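Reading the structure
Each chain is listed here by its residues.
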Amino acid sequence: VRSLYSPFESGQLSGSSDVYMHEIPGGQYTNLLFQSKQLGLTEKWPEIKRKYAEANMVLGDIPKVTPSSKVVGDLAQFMVAQNLEAKDIMEQAETLAFPDSVVNFLRGDIGIPPGGFTEPLRSKVLAGRGLEPVEGRPGSFIPDYDFEKERASLQKTYGSNNISEKDLLSFALYPQVFADWKAYEIIYGEVSRLPTHIFLNPMKEGDEVELNVGRGQSLIVKLVSMQNVREDGTRVVIFEVNGEQMYMPVTDNSVEKDGAVREKASGPGSVGSPMPGVVVSVKVKAGDEIKEGDTVATLSAMKMETSVPATMSGKVKRVVVNVGDKLEGDDLLVEIE
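Residues numbered from 1 in each chain as written. Predicted model: local features only at pLDDT ≥ 70, side-chain atom pairs only at ≥ 80, totals over all residues. Heavy atoms only, no water.

**Quick look at the overall build of the chain**
- On a plain count of helices and strands, the chain comes out with 11 helices and 12 strands.
- Within the chain, buried positions represent 35% of all 337 residues.
- For the chain, contacts bridging at least 24 residues in sequence account for 50% of all contacts bridging at least 6.
- Summed over all atoms, the accessible surface of the chain reaches about 20600 Å², with 52% contributed by carbon and sulfur.
- Measuring between centres, the 36 positive side-chain charges of the chain sit 1 Å from its 49 negative side-chain charges. (Helix = DSSP H or I, 4+ residues; strand = E, 2+ residues; numbered from the N terminus. Buried < 20%, exposed > 50% of the residue type's maximum accessible area, 1.4 Å probe, protein only. Contact = heavy atoms within 4.5 Å. Areas by Shrake-Rupley, 256 points an atom, 1.4 Å probe, with all protein chains shown as cover. Lys, Arg positive; Asp, Glu negative; His and termini not counted. Charge placed at Lys NZ, Arg CZ, Asp CG, Glu CD.)

**Considerations on the sheet that holds strand β7 (residues 289–290)**
- Read across the sheet, 4 strands follow the order β5-β12-β10-β7 without closing on themselves; strand pairing throughout is antiparallel. The two strands at the open ends of the sheet, each matched to only one other strand, are β5 (270–272) and β7.
- In terms of strand pairing, β5 meets strand β12 (residues 332–336) through 3 bridges, oriented antiparallel. Along β12, the bridge assignment pairs Ser270 with Glu335. (Pairing = 2+ DSSP bridges.)

**Brief notes about the nonpolar core**
- The biggest cluster of nonpolar side chains holds 35 residues, and the ones touching the most others in it are Leu59, Leu75, Ile89, Phe98, Leu106 and Leu121.
- The set of elements that each furnish at least two residues to this core consists of α2 (26–38), α3 (45–58), α4 (68–82), α6 (100–107) and α7 (121–129).
- Considering every element that reaches this core, the biggest residue donor is α4, with 7 residues.
- What Leu75 contacts, discounting residues up to four positions off in sequence, is Ala55, Val58, Leu59, Ile89, Phe98 and Val102.
- Counting 15 residues, the second largest nonpolar core, distinct from the first, contains Val296, Val308, Val321 and Val334. (Core = buried A, V, L, I, M, F, W, Y, C linked by side-chain atoms within 4.5 Å.)

**Notes on empty space enclosed by the protein**
- For the coordinates displayed, the defined rule picks out 1 cavity of 30 Å³ or more.
- Within this model, the largest cavity holds a volume of roughly 40 Å³.
- In this structure, the largest cavity is lined by Met275, Pro276, Gly277, Leu299, Ser300, Ala301, Met304 and Thr306.
- Breaking the lining of the largest cavity down by element, the ones donating at least two residues are β8 (295–301) and β9 (304–309).
- Looking at which element gives the most residues to the lining of the largest cavity, the answer is β8, with 3 residues. (1 Å grid on protein atoms, 1.4 Å probe; cavity = no way out; pocket = protein on both sides within 12 Å on 5 of 7 lines; lining within 4 Å. Points joined across faces, edges and corners; volume = space filled by probe spheres on them.)

**Some words on the pairing of β9**
- Note: β8 against β9, 6 bridges, orientation antiparallel. Bridge pairing in β9 places Thr295 opposite Pro309.
- Where β8 folds back onto β9 in an antiparallel hairpin, the turn is made up of 2 residues, including Met302, whose phi is positive at roughly 50°.

**Remarks on the environment of Lys317**
- In this fold, Lys317 is placed in strand β10 (residues 314–319).
- Each C-alpha atom of the pair Lys317 and Glu231 lies 34 Å from the other, and the pair is 86 residues apart in sequence.
- Setting aside anything within four residues of it in sequence, one finds Lys317 in contact with Ala286, Glu335, Ile336 and Glu337.

**Here's the deal with the packing of aromatic side chains**
- For the structure on display, the rule yields 8 aromatic pairs.
- Seen in terms of ring centroids, Trp181 and Tyr184 are 5.5 Å apart; in terms of plane orientation they differ by 20°. Their pairing is stacked. With Trp181 and Tyr184 both in helix α10 (residues 175–188) and 3 residues apart, the pair spans about one turn of that helix.
- Both rings, one in Tyr184 and one in Tyr188, keep their centres 4.6 Å apart while their planes meet at 40°; by these two values the pair is tilted. In this pair, Tyr184 and Tyr188 are both assigned in helix α10, 4 residues apart and thus about one turn of the helix distant.
- Here a set of aromatic residues connected by ring pairs shows up, and it is made of Tyr158, Phe171 and Phe178.
- A cation sits over an aromatic face here: Lys182 above Tyr158, 5.4 Å from the ring centre. (Phe/Tyr/Trp six-rings, centres within 6.5 Å; stacked < 30°, edge-to-face > 60°. Lys NZ or Arg CZ within 6 Å of the ring centre and 35° of its normal.)

**Section: the sheet that holds β9**
- Ordered in space as β9-β8-β6-β11, the 4 strands form an open sheet in which the pairing is antiparallel. Both edges of this open sheet fall to β9 and β11 (326–327), since each of them pairs with a single strand only.

**Some details on the layout of surface pockets**
- A volume near 1400 Å³ is recorded for the second largest pocket.
- Lining of the second largest pocket is provided by 30 residues; of these, Tyr188, Leu194, Phe239, Met248 and Val250 occupy positions nearest its centre.
- If you list the elements that add at least two residues to the lining of the second largest pocket, you get α10, α11 (196–200), β1 (208–214), β2 (217–226), β3 (234–241) and β4 (244–251).
- With 5 residues, the top contributor of residues to the lining of the second largest pocket is β4.
- Counted by class, the lining of the second largest pocket contains 24 nonpolar, 2 polar and 4 charged residues. (Nonpolar A, V, L, I, M, F, W, Y, C, P; charged D, E, K, R; others polar.)

**Quick look at the pattern of salt bridges**
- What the rule picks out here adds up to 17 salt bridges.
- Across the pair Glu190 and Arg193 runs a salt bridge whose closest N-O atoms are separated by 3.7 Å.
- In this structure, Asp252 and Arg235 form a salt bridge, with 2.8 Å as the shortest nitrogen-oxygen distance. Of the two residues, Asp252 is situated in the loop between β4 and β5 and Arg235 in strand β3; the sequence distance between them amounts to 17 residues.
- The structure contains a network of salt bridges with shared partners spanning Lys51, Glu54 and Glu85. (Salt bridge = Lys/Arg side-chain N within 4 Å of Asp/Glu carboxyl O.)

Function cannot be inferred from these measures alone, as they are strictly geometric.
Quick look at the structure:
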């Protein structure tokens with residue numbers, strides 16, 4: 001079984017004494033390594049480990065457990081991606097596009113660390129975003145979760161027969177992850193029926209597999225052929241299902257498409273992407289009046305969300321991204337005049 005999951009292993013086959021220097025928790029180490037690869041920072045992994053220790057001290061040498069360890073890791077990768085030192089964090093705290101986890105930590109959303117918050121870092125970050133600090137334990141004053149209300153909402157969206165108790169709890173804990181999964185399920189169906197090796201490794205022409213789809217029910221599926229890629233990026237795949245041919249158009253994500261090079265941010269009115277990621281929300285439109293520090297868009301990269309702030313006050317001249325766009329560092333998001 002392990003060989004099936006080998007592509008997802010980190011390659012770290014032994015311990016390393018440099019843990020005494022960076023203090024990255026074991027469970028986070030491999031996740032952080034994988035995340036750095038997705039952010040295009042693979043070659044900077046040694047620097048990320050050094051920055052982890054530096055970020056930890058910037059935040060006040062906090063206990064590094066879930067979720068506080070993620071805060072330190074997000075800040076470390078942000079520092080590497082933006083080529084920032086600890087002094088830069090302090091000096092530019094009001095305007096830097098910190099990952100949301102860092103802002104939420106400094107606000108007090110996950111509690112107060114034993115030694116308190118680092119000042120004036122906390123005050124600068126909150127002031128630059130117009131946020132008030134959370135005093136006390138956050139869980140003590142949040143309202144009770146209305147499970148029945150959310151159950152009814154989910155059943156209305158996905159159908160009364162498609163929401164289990166596990167689904168309801170999953171949505172309560174991870175609402176966006178649950179929504180993304182349901183969107184995936186609507187497109188691809190119940191993939192839990194697929195054997196692991198088929199799910200992880202696509203079938204090749206001539207391959208045949210037997211799928212158990214229910215009690216006493218099975219399908220024999222054979223991949224007959226794949227036609228050439230069409231102009232819209234799809235190709236028709238021909239299967240035999242229990243001897244009957246089926247023609248399935250699928251999007252071929254492996255095909256590289258020629259596209260325009262994205263404009264880079266330059267000048268005081270240009271708001272750029274702080275690091276590679278996907279646009280998950282756009283908060284402004286052309287013509288809006290905004291203030292410096294207002295969020296113009298939210299990016300996501302491997303569980304790390306970043307609210308990108310306006311670099312100056314003024315009117316939005318143009319917005320050049322849409323939800324779902326993939327960006328590289330410094331790609332232009334919004335221009336302000």
